[in-house]
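# Residue-level structural notes
So you can see what is in the structure, the chains are spelled out below.
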Amino acid sequence: MNDIRTLAIIKPDAFGGGKTGKIIDHLESAGFGVLAARVVHLSRAGAETFYDVHRGKPFFTSLVDFMTSGPVLAMVLEREGAVTRLREVIGATDPAEADPGTVRALYAESKERNAIHASDSPDNARVEVAFFFAGVDLA
Ligand code: CMP
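Model, not experiment: these values are computed from the prediction.

### With respect to the sheet that holds strand S4 (residues 116–118)
- With antiparallel pairing, the four strands of this open sheet are ordered in space as S2-S3-S1-S4. The outermost strands of the open sheet, each flanked by one partner alone, are strand S2 (33–40) and S4. The sheet shows a mean angle of 20° between the axes of neighbouring strands, taken without regard to direction.
- Sheet topology note: the S2/strand S3 (residues 72–78) ladder contains seven bridges and is antiparallel. Bridge pairing in S3 links Arg 38 to Ala 74.
- Sheet contacts for helix H2 (residues 20–29): strand S1 (5–10), S2, S3 and S4; angle to S3, the most-contacted strand, approximately 10°.
- Helix-sheet contacts for helix H5 (residues 82–90) involve S1, S3 and S4, and the interaxial angle to S1 is about 30°.

### Side note on the site of the ligand
- Around the ligand, the neighbouring residues are Lys 11, Tyr 51, His 54, Phe 59, Leu 63, Thr 93, Arg 104, Lys 111, Glu 112, Asn 114 and His 117.
- The backbone of Lys 111 places a nitrogen or oxygen atom 3.4 Å from an oxygen atom of the ligand.
- Measuring from an oxygen atom of the ligand, one finds a backbone N or O atom of Glu 112 at 3.0 Å.
- For the ligand, whose accessible area on its own is 450 Å², the fraction buried by protein is 81%.
- Under a 2 Å grid-point criterion requiring more than half of the atoms, the pocket assigned to the ligand is the largest pocket.

### Some details on H2
- Taken together, the buried positions of H2 are occupied by Thr 20, Ile 23, His 26 and Leu 27. Down the axis of H2, the sector holding all buried residues measures 125°, keeping them to one side. Opposite the packed face of H2, turned more than 90 degrees from it, sit the exposed residues Gly 21, Lys 22 and Ser 29.
- Against the buried residues of H2 lie S1, helix H1 (12–16), S3, H5, helix H6 (103–107) and S4.
- Once H2 finishes, Gly 31 follows within two positions and takes phi at roughly 95°, a positive value.

### Structural notes on the pattern of salt bridges
- Within the structure shown, the criterion is met by six salt bridges.
- One salt bridge in this structure joins Asp 52 and Arg 55, with 2.6 Å as the shortest N-O distance.
- The partly exposed category is assigned to Asp 52, whose relative accessible area is 41%.
- The partly exposed category is assigned to Arg 55, whose relative accessible area is 44%.
- Note that Asp 123 is salt-bridged to Arg 126, the shortest N-O span being 3.7 Å. Of this pair, Asp 123 and Arg 126 both sit in helix H7 (residues 122–133), three residues apart, which is roughly one turn of the helix.
- Owing to a relative accessible area of 47%, Asp 123 belongs among the partly exposed residues under this scheme.
- Owing to a relative accessible area of 41%, Arg 126 belongs among the partly exposed residues under this scheme.

Calculation notes
- Residues numbered from 1 in each chain as written.
- Predicted model: local features only at pLDDT ≥ 70, side-chain atom pairs only at ≥ 80, totals over all residues.
- Heavy atoms only, no water.
- Pairing = 2+ DSSP bridges.
- Helix = DSSP H or I, 4+ residues; strand = E, 2+ residues; numbered from the N terminus.
- Axes fitted to C-alpha atoms, helices over the stretch in contact; angles between N-to-C directions.
- Contact = heavy atoms within 4.5 Å.
- Near = heavy atom within 4 Å.
- Polar contact = N/O pair within 3.5 Å; in protein donor to acceptor, adjacent residues only side chain to side chain.
- Areas by Shrake-Rupley, 256 points an atom, 1.4 Å probe, with all protein chains shown as cover.
- 1 Å grid on protein atoms, 1.4 Å probe; cavity = no way out; pocket = protein on both sides within 12 Å on 5 of 7 lines; lining within 4 Å.
- Sits in = over half its atoms within 2 Å of the grid points.
- Buried < 20%, exposed > 50% of the residue type's maximum accessible area, 1.4 Å probe, protein only.
- Arc of directions from axis to C-beta.
- Salt bridge = Lys/Arg side-chain N within 4 Å of Asp/Glu carboxyl O.

Take a look at the structure:
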């Protein structure tokens with residue numbers, strides 16, 4: 001996939017905490033268009049598959065607990081340089097280290113409950129978009 005589409009997930013802390021509108025406003029202001037969106041309550045198996053790269057890490061079980069604790073909003077976002085730009089806009093994993101004005105600095109609670117996920121490469125964006133939007137014609 002060219003770097004024009006990426007996957008974002010508004011996580012259970014932010015989705016359940018009523019921050020979705022503010023986060024989407026932030027993303028649209030940064031030039032992203034929402035190409036597709038879907039509210040999903042992940043199963044344990046689904047969360048474990050999505051975060052398979054982190055399996056075995058000390059935070060894995062807690063991360064799966066968190067990501068299955070409530071619904072999330074998965075979105076395909078579009079703009080030039082989508083993957084790189086979205087990671088800049090959301091900020092560092094730990095909100096304490098995120099630049100001021102980034103989504104995580106504004107809306108995240110902690111390194112785990114960090115409001116939003118974004119794909120880290122165009123290849124992973126393709127895999128992650130397929131995970132949530134398999135069979136959807138994204139045109
Ligand atoms: P995300 O961008 O979704 O990718 C993996 C997630 O694991 C990350 O955001 C955090 O929510 C979580 N995570 C990464 N590192 C840690 C850590 N050291 N402790 C707790 N959670 C973490």
